[in-house]
Amino acid sequence: MARKTGRKANPEGRMPLKEHIRELRNRLVVSGIAVLAGAVGGWFLYDPVMAAIQQPMFEISAEQGRQAEINFGSVGSPFDLKIQVSIFLGILVSSPVWIYQLWAFITPGLKAKERRYTLGFMLSAVPLFLLGIYFGWLVLPEIVKVLTMFTPEGGSNIILATDYLTFVMRMLLSLGVAFLTPVVLVGINFAGLVSGRQVIKSWRVIVFLVCVVAAMAAPGPDAMSMFLLAAPLLFLFFVAVGVCLLNDKRRERRRAAQEAEIARNAGKATPLEELG
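By convention here, each chain's residues receive numbers from 1 onward along its written sequence. Owing to the predicted nature of the model, reporting of local features is limited to residues with pLDDT of at least 70; listing and counting of side-chain atom pairs is limited to 80 or more, with chain, interface and lining totals taken over all residues. Values reported for side chains reflect all heavy atoms of the structure, with hydrogen atoms and water molecules removed beforehand.

Caption draft 1: Spatial organisation of the overall build of the protein. A tally of regular secondary structure across the protein gives 11 helices and two strands. Ordered by position from the N terminus, the helices and strands of the protein form the series α-α-β-α-α-α-β-α-α-α-α-α-α. When a residue's accessible area, from a 1.4 Å probe over protein chains only, is under 20% of the maximum for its type it is buried; when over 50% it is exposed; and in between it is partly exposed. Across the 276 residues of the protein, 33% fall into the buried class. The contact rule is simple, with two residues in contact once any of their heavy atoms fall within 4.5 Å. Across the protein, every contact between residues at least 6 apart in sequence was considered, and the portion connecting residues at least 24 apart equals 80%. Residue exposure ignores everything except the shown protein chains as possible cover, and the areas themselves are Shrake-Rupley values with a 1.4 Å probe. Within the structure as shown, the protein displays about 17,100 Å² of accessible surface, and the carbon and sulfur contribution to it stands at 68%. A helix here means a DSSP run of H or I that spans at least four residues, while a strand means a run of E at least two residues long, and both kinds are numbered starting from the N terminus.

Caption draft 2: Local environment of the confidence of the model for the protein. pLDDT gives the predictor's per-residue confidence on a scale running from 0 to 100. On average, residues of the protein score 75 in pLDDT, and 77% of them reach the 70 mark or higher. Considering only residues more than four positions removed or in separate chains, one finds that residues 1-9, a stretch of pLDDT under 50, has five contacts.

Caption draft 3: Structural context of the pairing of strand β1 (residues 68-71). Across the two faces of β1 the burial differs, with Ala 68 and Ile 70 buried and Glu 69 and Asn 71 not buried at all. Strand direction decides the pairing type here: β1 and strand β2 (residues 157-160), joined by four bridges, are parallel. What sits directly across from Glu 69, in β2, is Ile 158. Following DSSP output, two strands are said to pair if at least two bridges run between them.

Caption draft 4: Region of the structure containing the pattern of salt bridges. Any carboxyl oxygen of Asp or Glu within 4 Å of a side-chain nitrogen of Lys or Arg constitutes a salt bridge here. With the rule as written, the count across this model stands at one salt bridge. We note a salt bridge from Glu 23 to Arg 27, for which the minimum N-O separation is 3.1 Å. Of this pair, Glu 23 and Arg 27 both sit in helix α1 (residues 17-44), separated by four residues, roughly a single helical turn. On the basis of relative accessible area, Arg 27 is assigned to the partly exposed category, the value being 22%.

Caption draft 5: Here's a closer look at the side chain of Lys 82. Among the secondary structure elements, Lys 82 is positioned in helix α3 (residues 77-93). It turns out Lys 82 is buried and unbridged, and the closest side chain with the opposite charge, Asp 47, is 5.2 Å from it. Lys 82 has contacts with Trp 43 and Tyr 46, leaving out every residue within four places of it along the chain. Charge counting follows a simple rule: Lys and Arg are positive, Asp and Glu are negative, and His as well as the terminal groups are ignored.

Caption draft 6: Looking closely at the side chain of Gln 101. With respect to the helices and strands, Gln 101 occurs in helix α4 (residues 95-106). Any pair of nitrogen or oxygen atoms within 3.5 Å is treated as a polar contact; in protein, a donor-acceptor pairing is required on top of that, and neighbouring residues in sequence qualify only through side-chain atoms on both sides. Within the structure, Gln 101 has its side chain in polar contact with the side chain of Arg 27 (distance 2.9 Å). Those residues in contact with Gln 101 that sit more than four places away from it in its chain are Arg 27, Val 30 and Ser 31.

Caption draft 7: Seen up close, the nonpolar core. Remark: nonpolar core denotes a set of buried residues (Ala, Val, Leu, Ile, Met, Phe, Trp, Tyr, Cys) joined through side-chain atoms within 4.5 Å. The biggest cluster of nonpolar side chains holds 33 residues, and the ones touching the most others in it are Leu 81, Val 85, Val 144, Tyr 164, Phe 167 and Val 168. Going through the elements one at a time, α2 (46-64), β1, α3, α5 (112-148), α6 (161-178) and α10 (223-268) are the ones with two or more residues in this core. For this core, the element with the most residues is α6, which contributes 10 residues. The next biggest cluster of nonpolar side chains, apart from the first, holds seven residues, and it includes Val 186, Phe 237, Ala 240 and Val 241.

Caption draft 8: Up close: the packing of aromatic side chains. Any two of the Phe, Tyr and Trp rings considered here, Trp counted by its six-membered ring, make a pair once their centres fall within 6.5 Å; the pair's planes then place it as stacked at under 30 degrees, edge-to-face at over 60, or tilted in between. In the structure shown here, the tally under the stated rule is three aromatic pairs. Plain terms: the ring middles of Trp 43 and Phe 79 are 6.3 Å apart, the flat faces sit at 75° to each other, and that makes the pair edge-to-face. Of the two residues, Trp 43 is situated in helix α1 and Phe 79 in helix α3; the sequence distance between them amounts to 36 residues. Summarising the aromatic geometry, the rings of Trp 98 and Phe 129 are spaced 6.5 Å apart at their centres and angled 75° between planes, so their arrangement reads as edge-to-face. Here the residue Trp 98 occupies a position in helix α4, and Phe 129 occupies one in helix α5, the gap between them amounting to 31 residues. A relative accessible area of 27% places Trp 98 in the partly exposed class. Note on Phe 129: relative accessible area 7%, which makes it buried.

Caption draft 9: Representation of α3 in the model. Its 17 residues give α3 an end-to-end C-alpha distance of 24 Å, which sits within 8% of 24 Å, the value for a rise of 1.5 Å per residue. The complete set of buried residues in α3 reads Ser 77, Leu 81, Lys 82, Val 85, Ser 86, Phe 88, Leu 89, Gly 90 and Leu 92. Multiplying one less than the number of residues by 1.5 Å gives the expected span of a helix.

Caption draft 10: Fine view of a nonpolar patch on the surface. For patch building, the residue pool is restricted to those with more than 30% relative accessible area and no salt bridge; the joining distance is 9 Å between like charges and 5 Å between nonpolar side chains (Val, Leu, Ile, Met, Phe, Trp, Tyr). There is a patch of nonpolar side chains on the surface, built from Leu 36, Val 40, Trp 43, Phe 44, Phe 79, Ile 83, Ile 87 and Ile 91 and spanning about 760 Å² of accessible area. Judged by relative accessible area, Trp 43 falls into the partly exposed class, the value being 33%.

Caption draft 11: View of the environment of Cys 211. Along the polypeptide, Cys 211 turns up in helix α9 (residues 203-217). Between the C-alpha atom of Cys 211 and that of Leu 234, which follows or precedes it by 23 residues, the distance is 8.9 Å.

If you want it as structure tokens, here you go:
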């Protein structure tokens, strides 16, 4: 008789601790290779990417008539910056791979229905994360212009390249994570841990927490950066709340239908005295 292997032989995905560690190592290796391959591609994309990143500074110099440029503060700074940009691009490009590896490592311990939910959330998380990065890329020039417009007359903006790159990366990653907010909130709601009504009742607390998170993740210490980051976070939060409320209604209709079915079956049951 043939011996069953794979998922059919082990539907719950159980394995000893040593196997878990081996699987985690293999998935980390795959993720690392994907990031490294993306970083190699990012190395060759460095020049056009840096030209695009510096474009807001060039526009400030042209439009506002004051000096605005990036400064490399040390001899090795250009090389370090190129490595950082390459790795950052590698992480972005390989995000579908390492997000999938994370999902594949977690899902063997889940039930079939839970795996379907997590697969749907993963398939939505990747494009949302990349959409957040793209949104950050679109608003980056305007954010730079808004933040530098407070420079007093006669002043100039000569920014260290590493500081400017940190500003850009934190802005892009913050918006990428912000766009994942609906996925997390809807996932908790689908798991039955919280209802849409419970979330909407505490909207004041959520708004306060979003502002705190935006202040911590903002690329700059100024209030403008916080508000520019909090706005999309709050928008996505209320979109997610709407989805949760719709799911609550769907769950209530299904529960009502089940209760009605149970009531009909109970009415059709044969009394015990008739059986005797």
